[in-house]
Amino acid sequence: QVQLAESGGGLVQAGGSLRLSCVRSERTSNSYAMAWFRQAPGKERESVAAITWSTYYRDSVRGRFTISRDNTKNTVYLQMNGLRPEDTAVYYCASAGRVTTAPLRTEEYMYWGQGTQVTVSS
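Residues numbered from 1 in each chain as written. Predicted model: local features only at pLDDT ≥ 70, side-chain atom pairs only at ≥ 80, totals over all residues. Heavy atoms only, no water.

> Quick question: what am I supposed to make of the overall build of the protein chain here?
When helices and strands are tallied, the protein chain shows zero helices and 11 strands. Along the protein chain, helices (α) and strands (β) appear in the sequence β-β-β-β-β-β-β-β-β-β-β when read from the amino end. Since a compact globule built from 122 residues should have a radius of gyration of about 14 Å, the 13 Å found for the protein chain is in line with a globular shape. Overall size of the protein chain, expressed as C-alpha extent along the three principal axes, is 40 × 25 × 25 Å. Within the protein chain, counting contacts between residues at least 6 apart in sequence, those at least 24 apart form 58% of the total. If you sum the accessible surface of the protein chain, you get close to 6400 Å²; carbon and sulfur atoms cover 46% of it. Positive and negative charge centroids in the protein chain, built from 14 and 10 side chains respectively, lie 4 Å apart. (Helix = DSSP H or I, 4+ residues; strand = E, 2+ residues; numbered from the N terminus. Rg over C-alpha atoms; globule rule 2.2 N^0.38 Å. Contact = heavy atoms within 4.5 Å. Areas by Shrake-Rupley, 256 points an atom, 1.4 Å probe, with all protein chains shown as cover. Lys, Arg positive; Asp, Glu negative; His and termini not counted. Charge placed at Lys NZ, Arg CZ, Asp CG, Glu CD.)

This is the structure we're talking about:
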């Protein structure tokens, strides 16, 4: 069973930065997407960014967040700059179990981490 372990969340002031990390227990291919999602209280889970051989971002984070992966470490990262209070949420790492053509869709992901809290104060 694949396991994902996130780290790097915390409390930061608006305009600050955080880097999230997610370690996958088994190796995977660049053809299989890995992604970050987030869920704020009272809201549905939404995509943030995904990576295969390309990167994908939701509009509200494009230009501020950067997703990357290091396959030698089985790790995917999310560098978050210019954080805003509306970025406050629990951030989840996800890993696809097959090739996907829609890497920002929740339904494409088989494996999920437990989440890490990101809080941005104004």
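> Would you explain unusual backbone geometry in this entry?
Peptide bonds are trans in most cases, and residues, glycine excluded, mostly fall at negative phi. Of note, N74 is a non-glycine position whose phi angle comes to about 50°, a positive value. Assignment of secondary structure puts N74 in the loop between strand 7 (65–70) and strand 8 (75–80).

> Got a minute to help me understand the nonpolar core in this structure?
Nonpolar side chains tend to gather and get buried jointly when the protein is soluble and globular. Judged by nonpolar contacts, the single largest core of 26 residues is most densely connected at W36, L78, M80 and Y91. Formed by seven residues, the second largest nonpolar core is a distinct cluster that contains A35, F37, A96 and Y109. (Core = buried A, V, L, I, M, F, W, Y, C linked by side-chain atoms within 4.5 Å. Buried < 20%, exposed > 50% of the residue type's maximum accessible area, 1.4 Å probe, protein only.)

> Just checking my understanding: could you explain the sheet that holds strand 3 (residues 18–24) for this structure?
Pairing between sheet strands relies on hydrogen bonds along the backbone, with the strands arranged either parallel or antiparallel. Read across the sheet, four strands follow the order 1-3-8-7 without closing on themselves; strand pairing throughout is antiparallel. The two strands at the open ends of the sheet, each matched to only one other strand, are strand 1 (4–7) and strand 7. Neighbouring strand axes in the sheet, compared pairwise and without regard to direction, differ in orientation by 15° on average. In this structure, strand 3 lies alongside strand 8, joined through six bridges in antiparallel fashion. Counterpart to C22 in the pairing with strand 8 is V76. (Pairing = 2+ DSSP bridges. Axes fitted to C-alpha atoms, helices over the stretch in contact; angles between N-to-C directions.)

> Help me understand the pattern of salt bridges, please; the structure alone is not making it clear to me.
Any two side chains of opposite charge can pair, so long as their charged atoms come close to each other. One pass over the full model with this rule turns up seven salt bridges. A salt bridge links D87 to R38, with the shortest nitrogen-to-oxygen separation between them at 3.0 Å. Taken as a pair, D87 in the loop between strand 8 and strand 9 (89–95) and R38 in strand 4 (residues 34–39) lie far apart in primary sequence, 49 residues in all. The class for D87 is buried, based on a relative accessible area of 0%. The partner of E107 in a salt bridge is R105, with the nearest N and O atoms 3.5 Å apart. (Salt bridge = Lys/Arg side-chain N within 4 Å of Asp/Glu carboxyl O.)

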